[in-house]
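Residues per chain are reported as follows:
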Amino acid sequence: MLRVALVGASGYTGTEALRLLLQHPNVRLTMLCAGRRAGRELAEITPAYAGVDLPTLVPFDADAVAAEAEYAFLGLPHGTAQTATAELLARGVKVIDLSADHRFTDPDFYGRVYSEHAHPESLAETVYGLPELNRDLIKRTRLVGCPGCYPTSVILGANPALRSELLASDQVI
């Protein structure tokens, strides 16, 4: 059974990740972290979880997460996952970042698209979390940067044409 913490559990991304994690037969949720909603039960915020046995929301603390979990899913707002990721990786926790903070491996490119990354060293070990393309790499990494829904739809749709050289990568927008 994999011990998993969910950081950013009370927001939209976190509650959707929680819905999926609760269905996984090999996951045991050990911790739910939230910012201003810490100390509350998730069911108070998201009534769909009424009656579900869940840990109380607690503030994020990397040491506490590392003591309770092998993996942390980050459902944090853009920009805030960078430091949380660095803190968790330093403590040996594997990270699955659902924000856009680890979708690129090149810090210069990340800076051109968003802004300067607070921990560019983490980008070098990021694996793009699209299992249809990177299943083996995902299994071996400590850091997965999950793609968004729009890029996923384009990448999965265009990939067969790219691999067959029917389409060049600069033709995909």
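Residues numbered from 1 in each chain as written. Predicted model: local features only at pLDDT ≥ 70, side-chain atom pairs only at ≥ 80, totals over all residues. Heavy atoms only, no water.

(A) Main features of the overall build of the chain. Along the chain, the regular secondary structure elements total eight helices and seven strands. A globule of 173 residues ought to have a C-alpha radius of gyration of about 16 Å, and the chain, at 17 Å, matches this closely. Viewed in the frame of its principal axes, the chain has a C-alpha envelope of about 50 × 30 × 25 Å. Residue burial in the chain is summarised as follows: out of 173 residues, 38% are buried. Look at the contacts in the chain between residues 6 or more apart in sequence, and 53% of them connect residues 24 or more apart. Accessible area for the chain stands at about 9,600 Å²; split by element, carbon and sulfur atoms hold 54% of it. Within the chain, one finds 15 positive and 20 negative side-chain charges whose respective centroids are separated by 5 Å. (Helix = DSSP H or I, 4+ residues; strand = E, 2+ residues; numbered from the N terminus. Rg over C-alpha atoms; globule rule 2.2 N^0.38 Å. Buried < 20%, exposed > 50% of the residue type's maximum accessible area, 1.4 Å probe, protein only. Contact = heavy atoms within 4.5 Å. Areas by Shrake-Rupley, 256 points an atom, 1.4 Å probe, with all protein chains shown as cover. Lys, Arg positive; Asp, Glu negative; His and termini not counted. Charge placed at Lys NZ, Arg CZ, Asp CG, Glu CD.)

(B) Geometry of the environment of Tyr128. By the element assignment, Tyr128 lies in strand E6 (residues 126-128). A sequence separation of 23 residues divides Tyr128 from Thr105, and the C-alpha atoms of the two residues are 8.5 Å apart.

(C) Layout of a nonpolar patch on the surface. The grouping of Phe109, Val113 and Tyr114 at the surface amounts to a nonpolar patch, some 240 Å² of accessible area in total. Among the residues examined, Phe109 registers a relative accessible area of 33% and is labelled partly exposed. (Patch = residues over 30% accessible without salt bridge, like charges linked within 9 Å, V, L, I, M, F, W, Y side chains within 5 Å. Salt bridge = Lys/Arg side-chain N within 4 Å of Asp/Glu carboxyl O.)

(D) The pairing of strand E2 (residues 27-33), seen in detail. Judged by how many residues are buried, E2 sits mostly within the fold: six of seven residues are covered. Pairing between strand E1 (residues 2-7) and E2: six bridges, direction parallel. Residue pairing for E2: Arg3 is matched across the bridge by Arg28. Read as a crossover between parallel neighbours, the route from E1 over helix H1 (residues 12-22) to E2 is right-handed. One ladder, built from two bridges, connects E2 with strand E3 (residues 57-58); its direction is parallel. (Pairing = 2+ DSSP bridges. Right-handed = clockwise from strand over helix to strand, strands pointing away.)

That's the geometry; what it means functionally is another story.
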